[in-house]
Amino acid sequence: MATEPDPSFEALLSYLKESRGFDFTGYKRASLTRRVHRRMEQIGIADVGDYLDHLQVHPNEFTALFDTILVNVTEFFRDPEVWEHLRLDIVPALLAGKGPSEPIRVWAAGCASGEEAYTLAIVLAEAIGIEDVRDRVKIYATDVDDNALAQGRQGSYGPREIRNVPAELLQKYFEVQGQHYIFSKYLRRAVIFGRNDLVQDAPISRIDLLVCRNVLMYLNAETQGRIIRRFHFALAPGGLLFLGRAEMLLGHSPLFTPVDVRRRFFRKVNGRRSIPDMAALAADDPALDETALALQALREEAMLAAPAPHIVVTADGRVAMVSRQAEFLFGVSSRDVGRQLRDLEISYRPAELRGYIEQARLDRHTVRVRDLEWMRGPDLVRLEIQLTPLVDRDANYLGVSIVFQDVTDEWRLRVELEQTNRQLETAYEELQSTNEELETTNEELQSTVEELETTNEELQSTNEELETMNEELQSTNDELQAINDELRERTDEIHDANSFLEAVLTGLRAGIAVLDRDLQIRVWNRHAEDLWGLRSDEAVGRPFLSLNIGLPVRQLSPEVLQVVSDEGDGFEVVVPAVNRFGRDIGLRVVGSPLRGDGRRVRGAILAMDTLPNAESPDAEWNGKL
């Protein structure tokens, strides 16, 4: 006699499903209750209602509870005799039905921490080689336990976990790092880990070998039947199902035929077509009617082949159907069926669909979203989205149908029509304006003829004036030529004088610096360059007092300033200095005023010469001589 369900325990399961997405309602109540109470005992809570309150207050408790419920018992080559049969008989038969480059798809459902998925990779690598596994094989390893999946992705195991791996395979497919064995990174790329709840998520499709060992044993008969039908849909024609020793398929013979009952290998019955319809998959009767299947397949094929991109979303926000055009335009596919729409890029691009879906649900009316842009490769596509709520006969909300209409051509025609209308209006206005301008121009032309006659007479008079001006300009040109010749002669004289002056300055044994009244250097001869290592083009134009070349300009500044004053007189001093070679020298500096017209002082002339060693002064300046 069946026991009545405990309301408080069922409330706990509903809370786990709503808050964390884990649906344990299909698990066998006896084993599930035993595991939950085990966790309650660990933290000292006796009542299920109190434990539900504890979960609501302590979110971290979910992790410990799930670790207790989800028994992640797995290992490499578990039941070696069964894996040997898989290697020697099942895999060769599977490969015999495949072309040399045809892909092979394997699903390890309930993979826990990944040992079984990696075992499958090793078996296939031994059969076809590591390179072919990399190129042809995809092993989808799924589980509901995120922590176990994270461990599987790392591919790192201790000595206890790899104890069943033969020594030659361990050396070939694992790398030793300290106390851990790391699965081959090269072969690891063929294994794809992902979260999938067999009870409520959509199955992976076109699978050649589906391995689900010792998972169904924890579920009740109804849930087992629902999952078995999903497995039937997931498998490709002739695909193989590999179960655990404690699991049988006797109640589902119309969908599978035994290959090896003792080792739990079953083959999909191709004559019975399973369909990816969640309502049909959840049906109580596993023996599906052939006519209903055919009609359902026809309806779904028609929806998939719809010319406009089309997506159907359930009331709880999951993707129920994706048309081929939607897959082409947005990159979603049948693999996304069963996933939450909010987890897909299409939920917010090209438009934030979630708000419009909620609007359609509340209003029960079709919602249209216009003037959207979408880049399809290099092309810009204009879209209009139509969201239609789906309700049953009792007006219960079932979901929403989302259709994407490509209105690019319509938009272009509308834009072109608007542009053409604007151009026609502009052309009409321009035509009227042109007509008026032509009438005005005619009158202006008549006036212009009269003006031209008057202008002709004025031009004749102007021509005579220009001839007179030309004669005057010729005379002026002759005068300018004479002045130019005179300037050229004077320039030559100045050039000769400058050359003479430069020769004189060069010939002097002393360094010569000529300063203007602002103490800017105007002349810097060759001996000054040799004495201080400062070229003429570097010195000319610089303030004398800013030089930092070994010459004590600050000590000389009072004497130089005195020289450039109008009452200034010459000076002669001996000062210590440092020449361009960094040697201490005695320097005789003779300064005299540079006078111009009217005897006005225009600057100063400084003559600098080194003293013989015998005449070198001390470090202190000896002042004027």
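The rules behind these values
Residues numbered from 1 in each chain as written. Predicted model: local features only at pLDDT ≥ 70, side-chain atom pairs only at ≥ 80, totals over all residues. Heavy atoms only, no water. Helix = DSSP H or I, 4+ residues; strand = E, 2+ residues; numbered from the N terminus. Buried < 20%, exposed > 50% of the residue type's maximum accessible area, 1.4 Å probe, protein only. Contact = heavy atoms within 4.5 Å. Areas by Shrake-Rupley, 256 points an atom, 1.4 Å probe, with all protein chains shown as cover. Phe/Tyr/Trp six-rings, centres within 6.5 Å; stacked < 30°, edge-to-face > 60°. Axes fitted to C-alpha atoms, helices over the stretch in contact; angles between N-to-C directions. Parallel < 35°, antiparallel > 145°, perpendicular 65-115°, else oblique. Left-handed = near helix turned anticlockwise from the far one by under 90°. Polar contact = N/O pair within 3.5 Å; in protein donor to acceptor, adjacent residues only side chain to side chain. Pairing = 2+ DSSP bridges. pLDDT = per-residue confidence, 0-100. Core = buried A, V, L, I, M, F, W, Y, C linked by side-chain atoms within 4.5 Å.

Topic: the overall build of the protein chain
Along its length, the protein chain carries 19 helices and 20 strands. Expressed as a percentage of the 625 residues in the protein chain, the buried residues total 41%. Relative to all contacts within the protein chain whose residues are 6 or more apart in sequence, the contacts with residues 24 or more apart total 59%. As presented, the protein chain carries roughly 35,600 Å² of accessible surface, and 50% of it is formed by carbon and sulfur atoms.

Description of the packing of aromatic side chains
In this structure the tally under the stated criterion is 10 aromatic pairs. With 5.6 Å between their ring centres and 80° between their planes, Phe 76 and Phe 174 make a pair best called edge-to-face. Of this pair, Phe 76 sits in the loop between α4 (61–69) and α5 (80–96) while Phe 174 sits in strand β4 (residues 174–177), placing them 98 residues apart in sequence. Both residues of the pair, Phe 76 and Phe 174, belong to the buried class.

Here's the deal with the packing of α5 against helix α6 (residues 115–128)
Where α5 contacts α6, the axes come no closer than 10 Å and their chain directions differ by 60°. Judged by the angle between their axes, α5 and α6 are oblique. When the axes of α5 and α6 are compared, the crossing they make is right-handed. In contact with Trp 83, Leu 86, Arg 87, Val 91 and Leu 95 of α5, α6 contributes Glu 116, Thr 119, Leu 120, Val 123, Leu 124, Ala 127 and Ile 128.

Some words on the side chain of Ser 401
Position of Ser 401 relative to the elements: it lies in strand β15 (residues 397–406). There is a polar contact of 2.6 Å between the side chain of Ser 401 and the side chain of His 310. Sequence-distant contacts of Ser 401, defined by excluding residues within four places in its chain, comprise His 310, Ile 311, Gln 386, Leu 387, Thr 388 and Leu 390.

Let's talk about the pairing of strand β18 (residues 571–578)
Most of β18 sits inside the fold, with 6 of its 8 residues counted as buried. Here β18 folds back onto strand β19 (residues 584–595), and the loop between the two strands holds 5 residues, one of which, Gly 582, carries a positive phi near 80°.

With respect to the confidence of the model for the protein chain
Confidence in the prediction of the protein chain, expressed as mean pLDDT, is 81, and 84% of residues score 70 or more. In the predicted structure, residues 272–290 sits below a pLDDT of 50 and forms 41 contacts with residues beyond four places in sequence or in another chain.

Considering the sheet that holds β18
Here we have 5 strands laid out as an open sheet, ordered β17-β16-β20-β19-β18, and antiparallel in their pairing. Sheet topology places β17 (521–524) and β18 at the edges, where each strand pairs with a single neighbour. Sheet twist, expressed as the mean angle between neighbouring strand axes with direction ignored, is 25°. One ladder, built from 3 bridges, connects strand β16 (residues 511–516) with β17; its direction is antiparallel. Of the residues in β17, the one forming a bridge with Ala 513 is Trp 524.

Considering the nonpolar core
Counting residues in each nonpolar core, the largest one holds 44 residues, and the members touching the most others are Leu 86, Leu 120, Ile 139, Phe 174 and Leu 209. Mapped by element, the contributors of at least two residues to this core are α5, β1 (104–109), α6, β2 (137–143), α9 (167–173), β6 (191–195), β7 (207–212) and β8 (235–243). Of the residues forming this core, the biggest block, 9 residues, is contributed by α6. In contact with Ile 139, other than residues within four places in its own chain, are Val 106, Ala 117, Leu 120, Ala 121, Leu 124, Ala 190, Val 191 and Ile 192. Listed in part, the 29 residues of the second largest apolar core include Phe 544, Val 553, Val 560 and Val 589.

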